[in-house]
Amino acid sequence: MKKALLILMSIIVFGCSKDDNSPTEPIEQNLTVESNNVKTFEVVSVTVNNLELTDNTYQATFGNSEITLVKFDDNSLIFSIPEIEEGTYSLSLSLGTVELNVTETQVLNTDEIIQDVFDDFSADIGNLDNSDPFIASEITEAESYNTEVLALYNSLNDEQKRQTAMFYEANKEVFKNFKNEIASNLNGLTALSRTSQSDCPTVGFKSIYSCRAANLGSSAIALKNSSKEFLQILALAGASAYLAPASFGLSAVGTFLGLGTAAYIYMTEVRPSFIMFKSSLRSFIGANWILTQATFSVITDEFTSESQSSLNVMPDFRSISSNDNGISEETGFFITSLNTLNGFWNQLTALFGSPINFQETSENIDFDDNTDQITITNISNSNVELESLNGQNVKFKSLSGNDESFSFDVEFSKEGFIENRTISASVSIEEFNYQGDWLMHWYNISDGALVQSDRITFNALGNSTSAEFYQYPNQNGWMSYPDDNYTIFYNGILTVTDIYFGLALPFDVITVDDTIFYGTAGTYNLELIRQ
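### Some details on a nonpolar patch on the surface
Piece 1. Together, Tyr500, Phe501 and Leu503 give the surface a local cluster of nonpolar side chains, amounting to about 350 Å² of exposed area.
Piece 2. Mapped onto the fold, Tyr500 is located in the loop between β24 (494-498) and β25 (503-507).

In structure tokens:
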């Protein structure tokens, strides 16, 4: 019996010791809020972690008050802080508990705070450029909306107006932030700043539009936050985003009427800024500023040895697309921000209109010899040489004297972009047609006087079959040379050889199809004309 008792006591002792030394499992907080410091009349979003929201509403206590939380999305509930005394209160419901520190929202003059919103709306609308048909149409819709919201507010009694002002004051920050974003952050060349100052570059499409993308991305996030808050307030007030202010006024009751009216007032307040954002977004998305591979779509790939040709590079730029995250860090931020915004914009089409979609447009822009750069490298055939490259003008040479096939890499840079392409090409030896009658003039370099002309007939091999000369100012007329006095030969340079006098006379060739060629010999300028 004693032995059994000792064994039992050992089990108890060691069991307790193990429990005492085990690490305590952390208790995961099911409910979280963005901030535990809140104000009366503030709409608060409660994130529910690791639990499925199966109901549309949840009953809770907030201090001694019974309240209802409304499901906003799959993992968040919303409610408004009651008009209670300042202090720390526990929000308790079946899903968990969270403590909030409440301060009192104060409004000194109910009518003045709301009237200021409508006055600011009128001033901001007046600052928009109504000469733009798109903006003018948006202004008309905004003014109509403002009239409806003002009528809704004026239909309220004094207590309802007070509650509206309280809700407005408690929840205005996110809407003010959006207005400030438009006024201060959208300072690119889209003219959204209230001043003419711009922090964006003014040279290079890539730099300019990447800066605009960053500005628009920041404003898209701010608009997303405003849109989400608006939808939360409407959901809490039991209203649909498609419900017009007048219709809401007929259906809402109690404090929900003040809450919903405040939401409509918010959207009236930010509407001019939204018009500016939408106009800028429309301009940005419709701009063709990204260099494309179509720049090389008609590039020259057949060349004549030692003859100048145009590469025919045609700079092609397109608009931004949803797949352009890699263009720059800023475009990636913009696309992500816009996608996030559109999730809420699609719920507010009755107010905002349809989202601005990507355009998929493109256009050719002139090649600029002063700023655009072309580089040619990695010529694959050792029998082909790059003789010159000036802007778009290029000259290849066949070192073998035969037709050659080769490839080369071309790099084109414009507006901050660089595009590369490997081109399969050929260079050919162009036949020069010697046969026919030619006229060669000799001019003094010193005074430009014509001193002699030669008339020569060449056969297909480049040998003269007849030749005669005329000297100035003598009046002896045309006098004959021996028939085989001249030969003519082309190998990049056209050379006429005077066998009798032992002279080799060179002429520059731009193209073999030219009819006039120019050269120099000693103290003479030469002109060779195909008849």
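### Looking at helix α8 (residues 255-286)
Structural remark: α-helix, 3.6 residues per turn; residues separated by three or four positions point the same way.
Piece 1. Spanning 32 residues, α8 covers 44 Å between terminal C-alpha atoms, matching the ideal 46 Å at 1.5 Å per step.
Piece 2. By the largest-angle criterion, Arg271 marks the main kink of α8, which is about 45°, and a proline, Pro272, follows within four residues.
Piece 3. In terms of burial, α8 is a largely internal element, 27 of the 32 residues being buried.

### Some points on helix α4 (residues 158-171)
Piece 1. In a regular helix each residue adds 1.5 Å, so 14 residues correspond to 20 Å; α4 covers 20 Å between its end C-alpha atoms and thus fits that length.
Piece 2. Among the 14 residues that make up α4, 11 are buried, leaving the element largely enclosed by the rest of the structure.
Piece 3. Between a side-chain oxygen at the N-terminus of α4 and the backbone nitrogen of Glu159 the separation is 3.1 Å; the capping residue is Asn157.

### Section: the packing of helix α2 (residues 110-126) against helix α3 (residues 133-154)
Piece 1. Two elements in contact, α2 and α3, have axes whose closest approach is 11 Å; the angle formed by their N-to-C orientations is 170°. Classed by the angle they form, the pair α2 and α3 counts as roughly antiparallel. Across from Thr110, Asp111, Ile114, Phe118, Phe121 and Ile125 in α2, the residues of α3 making contact are Ile139, Ala142, Glu143, Asn146, Val149, Leu150 and Tyr153.
Piece 2. Of the residues belonging to the contact of α2 with α3, the class tally is 9 nonpolar, 2 polar and 2 charged.

### Let's talk about the environment of Phe352
Piece 1. Looking at the element boundaries, Phe352 is found in helix α10 (residues 349-352).
Piece 2. In this structure the C-alpha to C-alpha distance between Phe352 and Gln435, which are 83 residues apart in sequence, comes to 77 Å.
Piece 3. Non-local contacts of Phe352, meaning those with residues more than four positions away in its chain, are made with Leu223, Ser227, Met267, Phe274, Lys278 and Trp345.

### Some thoughts on the sheet that holds strand β12 (residues 316-318)
Piece 1. The sheet built from 3 strands is open, its strands ordered β9-β12-β13 with antiparallel pairing. Because the sheet does not close on itself, it has two edges, and the strands there are β9 (290-291) and β13 (362-364).
Piece 2. Looking at chain direction, β12 and β13 are connected through 3 bridges and run antiparallel. Considered in β13, the bridge of Asp316 is made with Asn364.

### A few points about a negative patch on the surface
Piece 1. Residues Glu112, Asp116, Asp119 and Asp120 make up a contiguous surface patch of negative charge.
Piece 2. Take Asp120: it is sitting in helix α2.

### A short note on the pattern of salt bridges
Piece 1. With the rule as written, the count across this model stands at 11 salt bridges.
Piece 2. Between Arg162 and Glu159 there is a salt bridge, and its shortest N-O distance comes to 3.0 Å. Of this pair, Arg162 and Glu159 both sit in helix α4, 3 residues apart, which is roughly one turn of that helix.
Piece 3. A salt bridge links Arg455 to Glu468, with the shortest nitrogen-to-oxygen separation between them at 2.5 Å. With Arg455 in strand β20 (residues 450-458) and Glu468 in strand β21 (residues 464-471), this pair connects stretches of sequence that are 13 residues apart.
Piece 4. Exposure remark for Glu468: the relative accessible area of 21% places this residue in the partly exposed category.
Piece 5. Salt bridges sharing common partners tie together Glu83, Glu159 and Arg162.

### As for the packing of aromatic side chains
Piece 1. By the definition in use, this model includes 34 aromatic pairs.
Piece 2. With a centroid separation of 5.0 Å and an interplanar angle of 75°, the aromatic rings of Phe284 and Phe334 are classed as edge-to-face. Placement of the pair is Phe284 in helix α8 and Phe334 in helix α9 (residues 329-345), with a sequence separation of 50 residues. Residue Phe284 shares its accessibility class with Phe334, and that shared class is buried.
Piece 3. Members of the aromatic cluster, connected to one another through ring pairs, are Phe205, Tyr209, Phe284, Trp289, Phe317, Phe334 and Phe417.
Piece 4. For Arg212, the ring lying beneath its charged end belongs to Tyr209, and the centroid distance is 4.3 Å.
Piece 5. Lying across the ring of Tyr145, Arg271 places its NZ or CZ 5.5 Å from the centre.

What counts, and at which threshold
Residues numbered from 1 in each chain as written. Predicted model: local features only at pLDDT ≥ 70, side-chain atom pairs only at ≥ 80, totals over all residues. Heavy atoms only, no water. Patch = residues over 30% accessible without salt bridge, like charges linked within 9 Å, V, L, I, M, F, W, Y side chains within 5 Å. Areas by Shrake-Rupley, 256 points an atom, 1.4 Å probe, with all protein chains shown as cover. Salt bridge = Lys/Arg side-chain N within 4 Å of Asp/Glu carboxyl O. Helix = DSSP H or I, 4+ residues; strand = E, 2+ residues; numbered from the N terminus. Expected span 1.5 Å × (residues − 1). Bend = angle between axes of the 7 residues up to and from the residue. Buried < 20%, exposed > 50% of the residue type's maximum accessible area, 1.4 Å probe, protein only. Polar contact = N/O pair within 3.5 Å; in protein donor to acceptor, adjacent residues only side chain to side chain. Axes fitted to C-alpha atoms, helices over the stretch in contact; angles between N-to-C directions. Parallel < 35°, antiparallel > 145°, perpendicular 65-115°, else oblique. Contact = heavy atoms within 4.5 Å. Nonpolar A, V, L, I, M, F, W, Y, C, P; charged D, E, K, R; others polar. Pairing = 2+ DSSP bridges. Lys, Arg positive; Asp, Glu negative; His and termini not counted. Charge placed at Lys NZ, Arg CZ, Asp CG, Glu CD. Phe/Tyr/Trp six-rings, centres within 6.5 Å; stacked < 30°, edge-to-face > 60°. Lys NZ or Arg CZ within 6 Å of the ring centre and 35° of its normal.

Purely geometric numbers; function is a separate question.
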